[in-house]
Amino acid sequence: AGAVEKMGTQLGFTSENGRYASVSLGQGQEPVAMNWLTHFHKNGGWVLLQNIHLTIDWTSGQLNERVDKLAEGAHMEFRLFLSAEPPPILERGLPISLLKNSVKLTNEPPQGMLANLKRAFANFTDEMVDSCAKQAEFKSIIFALAYFHAALLERKKFGVG
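Residues numbered from 1 in each chain as written. Predicted model: local features only at pLDDT ≥ 70, side-chain atom pairs only at ≥ 80, totals over all residues. Heavy atoms only, no water.

Draft legend 1. Local environment of the overall build of the chain. Helix and strand counts for the chain come out as seven helices and three strands. When its helices and strands are written in sequence order, the chain yields α-β-α-β-α-β-α-α-α-α. In terms of C-alpha radius of gyration, the chain reaches 20 Å, well past the compact-globule figure of 15 Å for 161 residues. The dimensions of the chain, computed from C-alpha atoms along their principal axes, are 55 × 40 × 25 Å. (Helix = DSSP H or I, 4+ residues; strand = E, 2+ residues; numbered from the N terminus. Rg over C-alpha atoms; globule rule 2.2 N^0.38 Å.)

Encoded structure:
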């Protein structure tokens, strides 16, 4: 979501100027998402629908039907971004037609503990550490969290649980 918003800001699509909207699905947000989708389809703009895996019935029904018809009368500057996590093995996946009509990007964790630690540490700048009043404690906390996160990602290879 952050990358889409950052790119939109660089290209002049922001929520402040009314040309970008982000909707986190779940808890009745489907009508809000459909309203933004209809508005930007007609007038131009970007809409990001996050966590479409949480509303699989709506995604498989209304959203899938709407996406099939998006090419008809779409504004030149209209873009639809969808985010989802892969479903657990026993649950239904995303509709095949929705996946076929999409450009898909994945975010895979790097292989190995060292690569995971390096990626986690890359999120922290020297300025962040320098601005902290208790730098030694902050560095320890960063290391502990990064190590724990890397261990979890490595264990995920062996299944859930």
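Draft legend 2. Here's a closer look at the packing of helix 5 (residues 113–121) against helix 7 (residues 135–156). Closest axis-to-axis distance for the helix 5/helix 7 pair is 9 Å, and the angle between their directions is 135 degrees. In terms of orientation, helix 5 lies oblique with respect to helix 7. In the crossing of helix 5 with helix 7, the sense of the turn from one axis to the other is right-handed. Contacts between helix 5 and helix 7 involve M113, N116, L117, A120 and F121 on the former and, on the latter, I142, F143, A146, Y147, A150, A151, L153 and E154. Looking at the contact of helix 5 with helix 7, its residues break down into eleven nonpolar, one polar and one charged. (Axes fitted to C-alpha atoms, helices over the stretch in contact; angles between N-to-C directions. Parallel < 35°, antiparallel > 145°, perpendicular 65-115°, else oblique. Left-handed = near helix turned anticlockwise from the far one by under 90°. Contact = heavy atoms within 4.5 Å. Nonpolar A, V, L, I, M, F, W, Y, C, P; charged D, E, K, R; others polar.)

Draft legend 3. Looking closely at the layout of surface pockets. The volume enclosed by the largest pocket comes to roughly 1,900 Å³. Together, 45 residues line the largest pocket, and L82, S83, A84, E85 and L105 are the ones closest to its centre. (1 Å grid on protein atoms, 1.4 Å probe; cavity = no way out; pocket = protein on both sides within 12 Å on 5 of 7 lines; lining within 4 Å. Points joined across faces, edges and corners; volume = space filled by probe spheres on them.)

Draft legend 4. Up close: the pattern of salt bridges. Evaluation of the coordinates by the stated rule reveals one salt bridge. Between R19 and E77 there is a salt bridge; the shortest N-O distance is 2.2 Å. Note that R19 is positioned in the loop between helix 1 (2–10) and strand 1 (20–24) and E77 in the loop between helix 3 (56–68) and strand 3 (78–82), a separation of 58 residues in sequence. For R19, a relative accessible area of 24% translates into the label partly exposed. (Salt bridge = Lys/Arg side-chain N within 4 Å of Asp/Glu carboxyl O. Buried < 20%, exposed > 50% of the residue type's maximum accessible area, 1.4 Å probe, protein only.)

Draft legend 5. Inspection of the nonpolar core at higher detail. One finds L25, L37, L49, W58 and L63 to be the most contacted residues of the largest nonpolar core, which totals 16 residues. Among the elements that take part in this core, helix 2 (residues 30–43) stands out by supplying four residues, more than any other. Apart from the residues within four sequence positions on either side, L37 is in contact with V47, L63, R66, L70, F78 and L80. In this structure, F13, Y20, W46 and L48 belong to the second largest nonpolar core, which totals five residues. (Core = buried A, V, L, I, M, F, W, Y, C linked by side-chain atoms within 4.5 Å.)

Draft legend 6. Representation of helix 5 within the structure. If you check which residues of helix 5 are buried, you get N116, L117 and A120. The buried residues of helix 5 occupy one face: seen down the axis, they fall within an arc of 100 degrees. Facing away from the buried side of helix 5 by more than 90 degrees, the exposed set consists of L114 and K118. (Arc of directions from axis to C-beta.)

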